[in-house]
Amino acid sequence: MNSILGLFNYWIVIFLMMTGFYVVIAQGNLVKKLVGLGLFQASVFLLYISMGKVEGGHAPIIDAFNRVYSNPLPHVLILTAIVVGVATLAVGLALIVRIQDAYGSVEEDDIQAHDNEADSD
Amino acid sequence: MNAPGPLAVLVVIMPLLAAPLCVLIGRIAVARWLALLVGWASAAMALTLLAVVEANGPLSYALGDWAPPWGIEYRLDRLGSYVLLIVTLITALVFSFAPRSVDREIPEGRQIPFYSALLLAAAGLNGIVVTGDAFNLFVFLEISSLASYALISQGYDRRALYASFRYLMMGTIGATFILIGIGFLYMMTGTLNMQDLAQRLPAVFDTRTVRAGFAFLTVGIGLKLAIFPLHLWLPNAYAFAPAVVSALLAATSTKVAVYVMLRFTYDVFGQEFAFVRMPLGSILMLLGAVGIVSASLVAVFQDNVKRMLAYSSVAQLGYMALAMGLANRTGVTAALLHLFNHALMKGALFLALGALSYRVGTLRIGSLAGLGRRMPWSSAALVIGGLSLVGVPPTAGFISKWYLILGALESGWWPLALLILAGSLLALVYVWRLVEAAYFARPLPGPTEVSEAPLTLLLPVWALVLANLYFGLNTSLTVGIAQRAAAQLTGAGP
């Protein structure tokens, strides 16, 4: 029981990660693929945030009470990773816009069919 | 702190600052000169750093004066300064090649952002090599990757867009795997500094978390390294990217991934964990061997010359994976030598193709016909680069193949030595197809009279071609440094 409830965060992380990964692989629509990728990355953010939490820990602000603090470093790291994720999403969406212009479709199958045609010329 | 420490930071800061400056100033001429200046200044600094590291041992710089392991440390040892030198040198040569080639391939309105993206890619690659902090490495990896996605998408064929998108998908998954791996290591050790990790990890080697972290890191780096079967993003990305970008990525970015692999397996985890407790050696050797044969076979049947060379890159990365998997000193030496020499040959080849396509346009085998006579210098560069790829003496390629075979024999894997020879024969087949087309095929009928590429394009190409010959004849520099760096890597572990 403890391995289910006690590690609740981590089960969520694994669930989200696998969902995102599955969407990236199984979906043919490029926008949906990018959404899957976002989910996949978000699960890792949760992983980092969970590991920084200390039981009963407070925010790391020094005050009069002698408190236990949570580890702020993973949170800061993940702030950077979120920025990276946003940048990836932006580049990905910009590419999709250009792909839509060039191919007239954002479906993987259509694009691949066009590409195979061009390859065999 | 030693005096040349700030140089290690400057090789990252300069291109990082130059990139937005290009956009802010907004003049193409300024962007060109700035890129050129930064490129050569970085190469000069890398040379100085290599000399300092060779003389005084590893160099460490604490960013913001926060002492490691709390602050971010930039650290250069033999391995780092050696890889930094080859990366910055290729970048400088590619930047020298860029102005004419970019003028031809990129519309004027997009040239300035193109140069900034080139600079950002260079900043990221240099950063990966100098940093001594695992998380910092992930950030630099993403900086260089995001810049590469944008750069690849600038190819004039629309297939470049889809190739770039596929690279973005696989590259991001790879980078996220690396992030998960680093997270697991941080969970167990509470540190991100690589030196510190190397010291603290042995105490927790026997935990599932560290093993999982190692697996995530290996797969993530493998994706970036384009190790077979994780190479699917590479061929089209290199084939449809602009000439400058193909040359830069083929010669530097996968090499940096090889560096990251070496750094984590031999330095952070240590040889004993990676090769004795975990079966990394046999995995790398098997995948490397399959990659060499299958990618070389596919390369033989390619009609698009750039894609042929891209598949050949996958095969060459297979050699490097195989050499790393051997896990003996000669093997690591061979991996480092091939890293250096392959950067030289693929840089020369892709730049030579850039010079050819400057005149001819799309490069199919058929369109090379008769170019041996019309563009003698570019074609000769292609041939010498190709011979180096096959491993014919006296080219640089021969030296690394030689050490690779020595390493394979040393650990008793003689079938692998045969496989390396077979791979070289396959390389001979596809290089011969280029030679046959350029020198023996009847020129295409038509009024188009093709002349030699301009001198500004030929100079960087021939600098690399001559380097291929020079490092094939005078091996004291490359072999010497590679052997000392390999000794440091293999000696550090128990």
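It should be noted that the structure appears before, not after, this text.
Keep in mind that what you see is a predicted model, and the values were worked out from it rather than measured. (Residues numbered from 1 in each chain as written. Chains lettered and ligands numbered in written order. Predicted model: local features only at pLDDT ≥ 70, side-chain atom pairs only at ≥ 80, totals over all residues. Heavy atoms only, no water.)

S.K.: Help me out: how do you make sense of the overall build of chain A in this one?
M.R.: For chain A, the helix and strand inventory stands at five helices and zero strands. Taken from N to C terminus, the helices and strands of chain A fall in the order α-α-α-α-α. Over its C-alpha trace chain A gives a radius of gyration of 21 Å, far above what one expects of a compact globule, namely 14 Å for 121 residues. Dimensions of chain A along its principal axes, counting C-alpha atoms only, are 75 × 35 × 15 Å. Looking at the 121 residues of chain A, the share that counts as buried comes to 33%. When contacts within chain A are restricted to residue pairs at least 6 apart in sequence, those whose partners lie at least 24 apart make up 43%. Of the roughly 7200 Å² of accessible surface on chain A, a fraction of 68% belongs to carbon and sulfur atoms. For chain A, the centre of its 5 positive side-chain charges and the centre of its 11 negative side-chain charges are spaced 18 Å apart. (Helix = DSSP H or I, 4+ residues; strand = E, 2+ residues; numbered from the N terminus. Rg over C-alpha atoms; globule rule 2.2 N^0.38 Å. Buried < 20%, exposed > 50% of the residue type's maximum accessible area, 1.4 Å probe, protein only. Contact = heavy atoms within 4.5 Å. Areas by Shrake-Rupley, 256 points an atom, 1.4 Å probe, with all protein chains shown as cover. Lys, Arg positive; Asp, Glu negative; His and termini not counted. Charge placed at Lys NZ, Arg CZ, Asp CG, Glu CD.)

S.K.: Would you mind showing me how to read the packing of aromatic side chains here?
M.R.: Two measures describe an aromatic ring pair: the distance that separates the ring centres and the angle between the ring planes. Following the criterion strictly, the structure yields 23 aromatic pairs over all chains and no others. Between Phe-40 of chain A and Phe-177 of chain B, the ring centres sit 6.0 Å apart and the planes meet at 40°, which makes this aromatic pair tilted. With Phe-40 of chain A in helix α3 (residues 30–52) and Phe-177 of chain B in helix α6 (residues 159–189), the pair connects residues from two separate chains. Owing to a relative accessible area of 1%, Phe-40 of chain A belongs among the buried residues under this scheme. (Phe/Tyr/Trp six-rings, centres within 6.5 Å; stacked < 30°, edge-to-face > 60°.)

S.K.: Any chance you could explain the interface of chain B and chain A here in plain terms?
M.R.: By a frequent convention, interface size equals the accessible area lost on bringing the separate parts together. The partner chain A presents 39 residues to the 33 residues of chain B that form the contact. Both sides of the chain B and chain A interface together cover about 3300 Å² of buried area, and 74% of this is carbon and sulfur. If you look at where chain B meets chain A, you find zero salt bridges. Counting across the chain B and chain A interface gives six residue pairs in polar contact (both at pLDDT 80 or more). Only α5 (134–152) and α6 of chain B provide two or more residues apiece to the side of chain B that touches chain A. Among the elements that make up the side of chain B that touches chain A, the one with the highest residue count is α6 of chain B (19 residues). Here the residues of the side of chain B that touches chain A sort into 20 nonpolar, six polar and seven charged. (Buried area = accessible area lost by both parts, 1.4 Å probe. Salt bridge = Lys/Arg side-chain N within 4 Å of Asp/Glu carboxyl O. Polar contact = N/O pair within 3.5 Å; in protein donor to acceptor, adjacent residues only side chain to side chain. Nonpolar A, V, L, I, M, F, W, Y, C, P; charged D, E, K, R; others polar.)

S.K.: I keep staring at helix α4 (residues 111–130) of chain B and nothing clicks. Help me out?
M.R.: Along an α-helix, a turn takes 3.6 residues, which lines up residues three or four apart on a common side. With 20 residues, α4 of chain B should cover 28 Å at 1.5 Å per step; its first-to-last C-alpha distance of 29 Å lies within 8% of that length. Of all 20 residues making up α4 of chain B, 18 are buried, and the element is well covered by its neighbours. (Expected span 1.5 Å × (residues − 1).)

S.K.: Can you help me understand unusual backbone geometry in this one?
M.R.: Excluding glycine, residues mostly have negative phi values, and the peptide bonds linking residues are mostly trans. All names here are of chain B. Residue Pro-229 is bonded to the preceding Phe-228 through a cis peptide linkage, with omega at 0°. For the bond from Pro-393 to Pro-394, the omega torsion is 5°, close enough to zero to count as cis. Within the secondary structure, Pro-394 sits in the loop between α15 (376–390) and α16 (396–410). A positive phi is found at Ala-226, a non-glycine position, where the angle reads about 60°. Relative to the elements of secondary structure, Ala-226 occurs in the loop between α8 (208–225) and α9 (234–240). Despite not being glycine, Ala-327 shows a phi value in the positive range, around 60°.

S.K.: I'm lost on the packing of α15 of chain B against helix α18 (residues 455–473) of chain B in this one. Help?
M.R.: Pairs of packed helices are described in terms of their axes, by the angle between the two and the distance that separates them. Residue and element names in this part refer to chain B. Remark: α15 packs on α18, axes separated minimally by 10 Å, with the N-to-C direction vectors making an angle of 30°. Between α15 and α18, the crossing angle belongs to the class labelled roughly parallel. By crossing handedness, the relation of α15 to α18 is classed as left-handed. From α15, Trp-377, Ser-378, Ala-380, Ala-381, Ile-384 and Ser-388 reach across to α18, where they touch Leu-458, Val-461, Trp-462, Val-465, Asn-468 and Leu-469. Counted by class, the contact of α15 with α18 contains nine nonpolar, three polar and no charged residues. (Axes fitted to C-alpha atoms, helices over the stretch in contact; angles between N-to-C directions. Parallel < 35°, antiparallel > 145°, perpendicular 65-115°, else oblique. Left-handed = near helix turned anticlockwise from the far one by under 90°.)

S.K.: Help me out: how do you make sense of empty space enclosed by the protein in this one?
M.R.: Space left empty within the atom packing is revealed by a probe, the size of a water molecule, rolled over the atoms. Residues and elements named next belong to chain B. Under the definition given, this model contains seven cavities of 30 Å³ or more. One number sums up the size of the largest cavity: a volume of about 120 Å³. In terms of lining residues, the largest cavity is bounded by 14 residues, among which Leu-125, Ser-144, Tyr-167, Lys-224 and Ser-253 are the most central. Of all the secondary structure elements, the ones that give two or more residues to the lining of the largest cavity are α4, α5 and α10 (243–277). The residue makeup of the lining of the largest cavity, split by class, is nine nonpolar, four polar and one charged. (1 Å grid on protein atoms, 1.4 Å probe; cavity = no way out; pocket = protein on both sides within 12 Å on 5 of 7 lines; lining within 4 Å. Points joined across faces, edges and corners; volume = space filled by probe spheres on them.)

S.K.: So what exactly am I meant to see when it comes to the pattern of salt bridges here?
M.R.: Side chains bearing opposite charge may pair, as long as their charged atoms lie close to each other. All names here are of chain B. Here the structure, examined in full by the defined rule, presents 13 salt bridges over all chains. A salt bridge links Asp-206 to Arg-277; its shortest N-O distance comes to 3.6 Å. Here the residue Asp-206 occupies a position in the loop between α7 (194–200) and α8, and Arg-277 occupies one in helix α10, the gap between them amounting to 71 residues. Here Asp-206 falls in the exposed class, since its relative accessible area comes to 59%. Classification of Arg-277 as partly exposed rests on a relative accessible area of 40%. The closest approach of N and O atoms between Asp-303 and Arg-364, which form a salt bridge, is 2.7 Å. Highlighted residues: Asp-303 in the loop between α11 (280–300) and α12 (305–326) and Arg-364 in the loop between α13 (329–360) and α14 (371–374), separated in sequence by 61 residues. Take Asp-303: its relative accessible area is 35%, and that puts it in the partly exposed class.

S.K.: Would you mind showing me how to read the packing of α13 of chain B against α16 of chain B here?
M.R.: Residues and elements named next belong to chain B. At their nearest, the axes of α13 and α16 sit 8 Å apart, and the two run at 160° to each other. Taken together, α13 and α16 sit at an angle that is classed as roughly antiparallel. Here the hand of the crossing between α13 and α16 comes out left-handed. Note on element contacts: α16 touches α13 through Ala-396, Gly-397, Ile-399, Ser-400, Tyr-403, Leu-404, Leu-406, Gly-407 and Glu-410, opposite Thr-330, Gly-331, Thr-333, Ala-334, Leu-337, His-338, Asn-341 and Met-345. Its residues assigned to classes, the contact of α13 with α16 comprises eight nonpolar, eight polar and one charged.

S.K.: What's the story with α3 of chain A in this structure? I'm lost.
M.R.: Relative to the 33 Å expected for 23 residues at 1.5 Å per residue, α3 of chain A spans 34 Å between its end C-alpha atoms, a close match to the ideal helical length. The opening residue of α3 of chain A is Asn-29 of chain A, an N-cap whose side-chain oxygen sits 2.8 Å from the backbone nitrogen of Val-31 of chain A.

S.K.: Help me understand a nonpolar patch on the surface, please; the structure alone is not making it clear to me.
M.R.: Residue and element names in this part refer to chain A. Where nonpolar side chains cluster on the molecular surface, the patch consists of Ile-4, Leu-5, Leu-7, Trp-11, Ile-14 and Met-18 and spans about 600 Å² of accessible area. At the level of secondary structure, the elements contributing two or more residues to the nonpolar patch comprise α1 (2–5) and α2 (8–26). Take the nonpolar patch: its biggest share by element is three residues, from α2. With respect to the helices, strands and loops of the structure, Ile-14 is situated in helix α2. (Patch = residues over 30% accessible without salt bridge, like charges linked within 9 Å, V, L, I, M, F, W, Y side chains within 5 Å.)

S.K.: In this structure, what is going on with the pairing of strand β2 (residues 73–76) of chain B? I would like to understand it.
M.R.: Each regular strand shows side chains that alternate between the opposite faces of the sheet. Residue and element names in this part refer to chain B. Taking every second residue as pointing to the same face, both faces of β2 are buried, with Glu-73 and Arg-75 on one and Tyr-74 and Leu-76 on the other. In the sheet, strand β1 (residues 59–62) pairs with β2 via four bridges, with the strands oriented antiparallel. For Tyr-61, the partnering residue across the bridge sits in β2 and is Tyr-74. (Pairing = 2+ DSSP bridges.)

Honestly, that's just the spatial picture; any functional story needs more than this.
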